[in-house]
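As a plain string of letters, each chain reads:
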Amino acid sequence: MVAFVLRRLALLVVALLVSSFVIFAGLQLAPGDPLAALSGGRSLPPEALEALRAQYRLDDPFLVQYGNWLVHAVQGDLGQSIAQRHDVATIIGERIGVTAQLVALAAVIILVAGVGLGVLAGLRRGPVDAAVLVVTTLLAAIPSFVAAIVLMSVFAVQLGWFPAVGAGDGFADRLHHLVLPAIALAASALAIVARVTRASVREELEREHVETAVSRGLPRRLVLRRHVLRNAAIPIATVSGITILSLIALSAVVERAFGINGLGATLVQAAAAKDLALVQGISLVLVAAFVVGNTLVDLVYAVLDPRVTVGSRAA
Amino acid sequence: MSADAVVRTARSRRARLAAGDVVAWICGGIIALAVLVAILGPLLAPHDPNAADLNDQFVGPVAGHPLGFDAQGRDLLSRLLAGARTSMLGPTAVVVLAMAAGVLAAVTAAWRGGWVDAALGTVMDVLFSFPGILLAILASAVFGPSLWAAVIALSIAYTPYVARVLRSAAVRERAQEYIAAAEVQGASAVAICARHLVPNVAPLIVAQATLLFGYAMVDLAAISFLGLGVQPPQADWGVMVSTGKAGVLQGYPAESLAAGLCIVVVVVAVNLLGERLGERRR
């Protein structure tokens, strides 16, 4: 177990280093002068350009720039946004809250509705099962931005139950604003979780030890809880974790659709404006969250399923 | 099992297969139609998809314009038909690129094994840490917003998924005796892979490619929706969902909903067909 955890953590560090390098190097390759965004199309005198190049350290060798950037990034200094003339870290700090709340709310919806529907369909054959299958097949194919537009059109514009744009202030108002975006974000992931849950519950139900327990007359409730749901929890936890992590990047789409000023929407703006420092900073935060989350999912999986670590020792 | 029961099982299995085929045929028909429209789209369009007339803003269906008009008074049906081209071509390009790279990586890893396999595996693990949409946003920041930047970014992001699934199939195939026999006879590795190994995992490749098309279509449309893919005023389903948002807020959701429906219908058809292809393999 310890060896497994250590190896997984080593992989995490490598992944973080490589992805930070890719983010830095990729954007450094961008054609065009990074100062163009700053001068806003005006032509600046050469001395001013020189001063700016020195201020943003644009003349250092490539690896030195990367090293500087990484050391500063680890200390929480992600540089200056050239377009917004603000600390990148400050901007991220202001915007990360609403994105985290959006993803958390979507995660709750996925865990409650996705797992719930899946268990229901897995335990009850017949019309309930068929209905869940049809609904999840459709839901899985609805892209988040289409779901966003449909929800906005019906529940915000036609019925007026929810606000169409913005994120709101204070707890209740924020929740009210985030319900539709969170449903849009959760929709297709929920369908995937429901289908995997259904399949794994079904598989466990058909196992010999479950059939034996039932035939020996153990109460159905006890069999379900101890033998079916407990074993089915392993694949369910994994797929829930992975799909919830995929929402981190997808939140950009939903934030743009609902005009929420979160991290993802800011990333899209920054990309369109070629505001490289901001793009680097936000990408780094999002990728780090994704990679760390993936590691956590793997570790949880290892805790739930002892076969993983035993197998790794044998290998 | 009684003879009666055997007959009944056989009959129900046949019925299930036939039913499966009906769904597969419908899905295939929808996909064929979408491909046809993608090729012929602008020719089929009854009006110029970019001809705007603000007098017709948000006008509903009238004679000659069965779906009505968008926010700029452009004919909606013509824009949907013209938009099929980029909406279908983009995912096709992603599938071709990602499958090519993924098959190459998988076969190389399976064939060489050892450190080559381990190195390719590590590269794929690192690629896994970039969600496709995020990579596409980065690409648009580097190369400027365009469909092709998004296509290349998504192809790179999808490659590890393809490679991982195909690698295990290729490893199993590599262990077959006929491969060793061909090697003994002096056939080159490239020839064995091209002539025997890849054709033998072809059903899996087709099933993977089909599912990939659905993902690629959704992600590319999302990127165009964000304004970082296909650029307006060009008609594209993802762009139309986005440009239609102004109409949604004013209570005219036709443009967004129609374009969104096109995406959903094609994706459902592709996914159902892909699942069926995957099951038939077993």
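Provided above is the structure to which this section pertains.
What's the story with the overall build of chain B in this structure? I'm lost.
Within chain B, the secondary structure is distributed over eleven helices and zero strands. Ordered by position in the sequence, the α and β elements of chain B form the string α-α-α-α-α-α-α-α-α-α-α. Dimensions of chain B, computed from C-alpha atoms along their principal axes, come out at roughly 75 × 65 × 30 Å. Counting the 282 residues in chain B, one finds 50% classified as buried. Sequence separation of at least 24 residues holds for 69% of the intrachain contacts in chain B that already meet a minimum separation of 6. Here chain B displays about 13400 Å² of accessible surface, and carbon together with sulfur accounts for 66% of that area.

Would you mind showing me how to read the side chain of A:D275 here?
Along the chain, A:D275 turns up in the loop between α11 (263–272) and α12 (276–304). Apart from the residues lying within four places of it in its own chain, the contact partners of A:D275 are A:S81, A:I82, A:A83, A:Q84 and A:A270.

What am I meant to see in the interface of chain B and chain A here?
Interface extent is often summarised as the accessible area lost during association of the parts. Listed per partner, the contact involves 36 residues of chain B and 43 residues of chain A. Summing the contributions of chain B and of chain A, the shared interface buries around 3300 Å²; its carbon and sulfur component is 83%. Contact with chain A buries surface across chain B, with B:A141, B:V142 and B:L226 losing the most and accounting together for 16% of the total. Our enumeration of links across chain B and chain A arrives at one salt bridge. The salt bridge involving A:R195 is made with B:E275; its shortest N-O contact spans 3.5 Å. The interface formed by chain B and chain A contains five residue pairs in polar contact (both at pLDDT 80 or more). Elements that contribute at least two residues to the side of chain B that touches chain A include exactly α3 (114–128), α4 (132–143), α8 (202–225), α10 (245–249) and α11 (254–281) of chain B. In terms of residues, the side of chain B that touches chain A owes the most to one element, α11(B), which gives ten residues. A per-class count over the side of chain B that touches chain A returns 26 nonpolar, seven polar and three charged.

Sorry if this is basic, but what is going on with the side chain of A:E255 here?
Residues and elements named next belong to chain A. You can see E255 is positioned in helix α10 (residues 220–257). Summary of buried charges: E255 has no salt-bridge partner, and the nearest side chain of opposite charge, R95, is 8.5 Å away. Within the structure, the side chain of E255 is placed 2.7 Å from the side chain of T99, a separation counted as a polar contact. E255 has contacts with T99, L102, I260, G262, L263, G264 and A265, leaving out every residue within four places of it along the chain.

Looking at this structure, how should I read the environment of B:A235?
Residues and elements named next belong to chain B. Here A235 is to be found in the loop between α8 and α9 (237–243). Remark: the alpha-carbon pair of A235 and S78, spanning 157 residues in sequence, is separated by 9.0 Å. Not counting residues up to four positions away in its chain, the partners in contact with A235 are R79, A82, G83 and T86.

I tried to follow the packing of α12(A) against α4(B) on my own but got confused; where do I start?
Angle between the axes and distance between the axes are the two parameters that describe a pair of packed helices. Between α12(A) and α4(B), the least distance of the axes is 11 Å, while the angle of their chain directions is 170 degrees. Compared by their axis directions, α12(A) and α4(B) come out roughly antiparallel. Like other packed secondary-structure pairs, α12(A) and α4(B) cross with a definite hand, here left-handed. Residues A:L276, A:V279, A:S283, A:L286 and A:V287 of α12(A) form the contact with α4(B), whose own contacting residues are B:L134, B:L138 and B:A141.

Teacher, can you tell me more about the pattern of salt bridges here?
Note that side chains of opposite charge can pair when their charged atoms are close. Inspection of every chain in the model, using the stated rule, returns ten salt bridges over all chains. A salt bridge links A:D298 to A:R8; its shortest N-O distance comes to 2.5 Å. Of this pair, A:D298 sits in helix α12 while A:R8 sits in helix α1 (residues 2–28), and the two are 290 residues apart along the sequence. The salt bridge involving B:R174 is made with B:E183; its shortest N-O contact spans 3.4 Å. The structure contains a network of salt bridges with shared partners spanning A:D129, A:R198 and A:R202.

Mind showing me how you'd approach the environment of A:G116 here?
Along the polypeptide, A:G116 turns up in helix α5 (residues 88–123). It is 12 Å that separates the C-alpha atoms of A:G116 and A:D129, two residues lying 13 residues apart in sequence.

So what exactly am I meant to see when it comes to the state of the cysteines here?
By definition, a disulfide is the covalent link that joins the sulfur atoms of two cysteine residues. Residues and elements named next belong to chain B. On inspection of all chains with the given rule, the structure shows zero disulfides over all chains. The thiol of C27 is not disulfide-bonded; the next cysteine sulfur, from C262, is found 16 Å away. Exposure remark for C27: the relative accessible area of 4% places this residue in the buried category.

I keep staring at the nonpolar core and nothing clicks. Help me out?
In a soluble, globular protein the nonpolar side chains are often hidden away together inside. Counting 157 residues, the largest nonpolar core has A:F145, A:F258, B:I137 and B:W237 as its most contacted members. In terms of residues, this core owes the most to one element, α10(A), which gives 16 residues.

Where do I start with unusual backbone geometry in this structure?
Leave glycine aside and you will find that most residues have negative phi; peptide bonds, for their part, are mostly trans. Following B:P232, the chain continues into B:P233 via a peptide bond in cis, with omega recorded as 10 degrees. Tracing the backbone through its elements, the reader meets B:P233 in the loop between α8 and α9. Even without being a glycine, A:K274 presents a positive backbone phi close to 55 degrees. Among the residues examined, A:K274 registers a relative accessible area of 33% and is labelled partly exposed.

Would you explain the packing of α10(A) against α12(A) in this entry?
All names here are of chain A. Where α10 meets α12, the axes come as close as 9 Å, and the angle between the chain directions of the two elements is 175 degrees. On the basis of the axis angle, α10 is roughly antiparallel to α12. Between α10 and α12, the contacting residues are A233, I234, A237, T238, G241, I242, L245, S246 and I248 on the first element and L286, A289, F290, G293, N294, V297, Y301 and L304 on the second. Split by residue class, the contact of α10 with α12 holds twelve nonpolar, five polar and no charged.

Is there a simple way to explain helix α2 (residues 76–112) of chain B in this structure?
Because each turn of an α-helix spans 3.6 residues, side chains separated by three or four positions in sequence point in the same direction. Residues and elements named next belong to chain B. The terminal C-alpha atoms of α2, which comprises 37 residues, lie 54 Å apart, in line with the 54 Å expected from a rise of 1.5 Å per residue. At G83, α2 is deflected by roughly 30 degrees, the largest bend along its length. The buried fraction of α2 is high, at 26 of 37 residues.

Cut-offs used in this document
- Residues numbered from 1 in each chain as written.
- Chains lettered and ligands numbered in written order.
- Predicted model: local features only at pLDDT ≥ 70, side-chain atom pairs only at ≥ 80, totals over all residues.
- Heavy atoms only, no water.
- Helix = DSSP H or I, 4+ residues; strand = E, 2+ residues; numbered from the N terminus.
- Buried < 20%, exposed > 50% of the residue type's maximum accessible area, 1.4 Å probe, protein only.
- Contact = heavy atoms within 4.5 Å.
- Areas by Shrake-Rupley, 256 points an atom, 1.4 Å probe, with all protein chains shown as cover.
- Buried area = accessible area lost by both parts, 1.4 Å probe.
- Salt bridge = Lys/Arg side-chain N within 4 Å of Asp/Glu carboxyl O.
- Polar contact = N/O pair within 3.5 Å; in protein donor to acceptor, adjacent residues only side chain to side chain.
- Nonpolar A, V, L, I, M, F, W, Y, C, P; charged D, E, K, R; others polar.
- Lys, Arg positive; Asp, Glu negative; His and termini not counted.
- Axes fitted to C-alpha atoms, helices over the stretch in contact; angles between N-to-C directions.
- Parallel < 35°, antiparallel > 145°, perpendicular 65-115°, else oblique.
- Left-handed = near helix turned anticlockwise from the far one by under 90°.
- Disulfide = S-S within 2.5 Å.
- Core = buried A, V, L, I, M, F, W, Y, C linked by side-chain atoms within 4.5 Å.
- Expected span 1.5 Å × (residues − 1).
- Bend = angle between axes of the 7 residues up to and from the residue.

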